[in-house]
Amino acid sequence: MSQELEKVKQNVIKCTKCDLCKTRINSVPGKGNFQSDVVFVGEAPGRNEDRNGEPFVGVAGKKLSIALEEAGISRDDVYITNVVKCRPPNNRVPSTVERNTCQEYLKQEILIIKPKIICILGNTAFNSILGGSEITKFRGKTVRKDNQFYFLTVHPAATIYNQELIEVLKKDIAKLFDMIRELKNGKTIPVDIEYSS
Ligand code: URA
Ligand code: SF4
C-alpha cells in the first residue's frame with residue numbers, strides 16, 4: 001500500500017470526529033489495490049465489516065465478489081471503500097452530518113489513487129458524491145463531473161433478495177470493466193451524463 005494511503009488508513013482507525021466512533025467496534029478504512037483503475041464506493045460498514053475492520057466482507061460483499069469474478073476481476077485487483085467508515089447503529093443510513101464529517105477520507109483516498117473511474121454503489125453513495133437520487137433509473141450509466149468519471153450501479157445489498165438485481169449488478173460491472181479495458185486500446189470512456197460543478 002502506498003505510504004500516503006497507509007496514513008489515511010491510520011487516521012480512519014483512530015478517528016473520533018463523529019458520534020459513530022462511540023458505537024463502532026472497528027473503523028473500516030478502504031482496502032485493495034492503490035494502483036487500481038477503479039474505486040468502488042459503498043454506503044457504510046455493516047455488522048460483519050464492523051467486526052472485521054474490512055469493507056464488504058458480509059453477504060453484500062459476497063455479491064460484489066461474485067459480480068467482479070464474473071467480469072474476470074479479483075477483489076484484490078481493485079480498491080473498495082465506503083462513504084462513511086464506521087457502522088451506523090442498526091445499519092441505518094448515515095446522516096448528512098456523518099457523511100459530511102467523513103467525506104475528507106474518501107476525498108483523500110481518491111486524490112491518492114487517482115482512479116480512471118469511480119464506481120458508485122447505490123443511492124447513499126450516489127447522493128453523497130454527486131447529489132443524485134433514484135439510482136435504479138441511472139444505473140449502468142457514466143457521469144463526468146470536474147473531469148472525473150463515475151459509473152453508477154445498484155448497491156450489492158439490494159441484490160440479496162432480488163434475483164433480477166444481481167443480474168443487473170453483474171451486467172453493470174461487466175460493462176464497467178469492458179470500458180476500462182477499452183481505455184488500453186486508446187478509447188475514451190463514453191459520457192452518458194455531464195454534471196456541472
Ligand atoms: N454495505 C456497504 O455499503 N459497505 C460495506 O462495506 C458493507 C455493506
Ligand atoms: Fe471518523 Fe468517519 Fe468514523 Fe465518523 S464515521 S468517526 S468521521 S471515520
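Reference entry: report on the structure contained in this document. Counting restarts for each chain: residues are numbered from 1 in the order of the written sequence. In the order they appear in the text, chains get letters beginning with A and ligands get numbers beginning with 1. With the structure being a predicted model, the display of local features is reserved for residues of pLDDT at least 70 and the display and counting of side-chain atom pairs for 80 or more, all residues being used for whole-chain, interface and lining totals. No hydrogens and no water enter the side-chain calculation; it runs on all heavy atoms of the structure.

With that settled, consider the side chain of R99. Secondary structure elements follow DSSP: runs of H or I of four or more residues count as helices, runs of E of two or more count as strands, with numbering from the N terminus. With respect to the helices and strands, R99 occurs in helix α5 (residues 96–113). Within the buried set, R99 has no salt-bridge partner at all; the shortest N-O distance to an opposite charge, 7.1 Å, is to E98. Any N or O atom pair separated by 3.5 Å or less is treated as a polar contact, with the protein-specific requirement of one donor-capable and one acceptor-capable atom, and with residues adjacent in sequence counted only for side-chain atom pairs. A polar side-chain atom of R99 sits 3.0 Å from a polar atom in the side chain of S128. Contacts are residue-level and defined by heavy atoms, with any inter-residue pair within 4.5 Å sufficient. Setting aside residues up to four positions removed in sequence, R99 forms contacts with V83, V84, V93, P94, T124, N127 and S128. Burial classification: accessible surface area is computed with a 1.4 Å probe over protein chains only, and a residue below 20% of its type maximum counts as buried, one above 50% as exposed, and the rest as partly exposed. When charges are counted, Lys and Arg contribute as positive and Asp and Glu as negative, whereas His and the chain ends are disregarded. Note on definitions: salt bridges are taken to be side-chain nitrogens of Lys or Arg within 4 Å of carboxyl oxygens of Asp or Glu.

Here an axis means a line fitted to C-alpha atoms, over the contact stretch when the element is a helix, while the angle between two N-to-C directions is reported on a 0 to 180 degree scale. Put simply, helix α1 (residues 3–13) and α5 touch, their axes get as near as 10 Å, and they point 170° apart. Classified by the angle between their axes, α1 and α5 sit roughly antiparallel to one another. Only Y105, Q108, E109, I112 and I113 of α5 make contact with α1, whose side of the interface consists of E4, L5, V8, N11 and V12. Throughout this entry, Asp, Glu, Lys and Arg are counted as charged residues, while Ala, Val, Leu, Ile, Met, Phe, Trp, Tyr, Cys and Pro are counted as nonpolar. The remaining residues, Gly among them, count as polar. Residue classes in the contact of α1 with α5 are distributed as six nonpolar, two polar and two charged. To sort the angles, those under 35 degrees are grouped as roughly parallel, those over 145 as roughly antiparallel, those from 65 to 115 as roughly perpendicular, and the leftovers as oblique.

Turning our eyes to something else, we now look at α1. Of the residues making up α1, those classed as buried are L5, V8 and V12. Angular distribution of buried residues about the axis of α1 spans 55°; they occupy a single face of the element. For α1, the exposed residues set more than 90 degrees away from the buried face come down to Q3 and K7. Buried positions along α1 lie against β3 (79–82) and α5. The arc in question is formed by the directions pointing from the helix axis toward the C-beta atoms.

Mapped onto the elements of the fold, G140 is located in the loop between α7 (135–138) and β5 (142–145). Spatially, the C-alpha atoms of G140 and L169 are 8.7 Å apart, while their sequence positions differ by 29 residues. Excluding anything up to four places from it in sequence, G140 contacts F151, L152, D172, K175 and D192.

Note that side chains of opposite charge can pair when their charged atoms are close. One pass over the structure, following the stated rule, counts 14 salt bridges. Across the pair K170 and E167 runs a salt bridge whose closest N-O atoms are separated by 3.7 Å. A residue pair is termed a helical-turn pair when its members lie 3 or 4 positions apart in one helix, as K170 and E167 do in helix α8 (residues 163–184) at three residues. Of the charged contacts in the structure, one is a salt bridge between D178 and R181, with a shortest N-O distance of 3.3 Å. Here the residue D178 and the residue R181 both occupy positions in helix α8, the gap between them amounting to three residues, near one helical turn. According to the relative accessible area criterion, D178 is partly exposed, its value standing at 45%. It is possible to trace a salt-bridge network through shared partners that takes in D37, K116 and K184.

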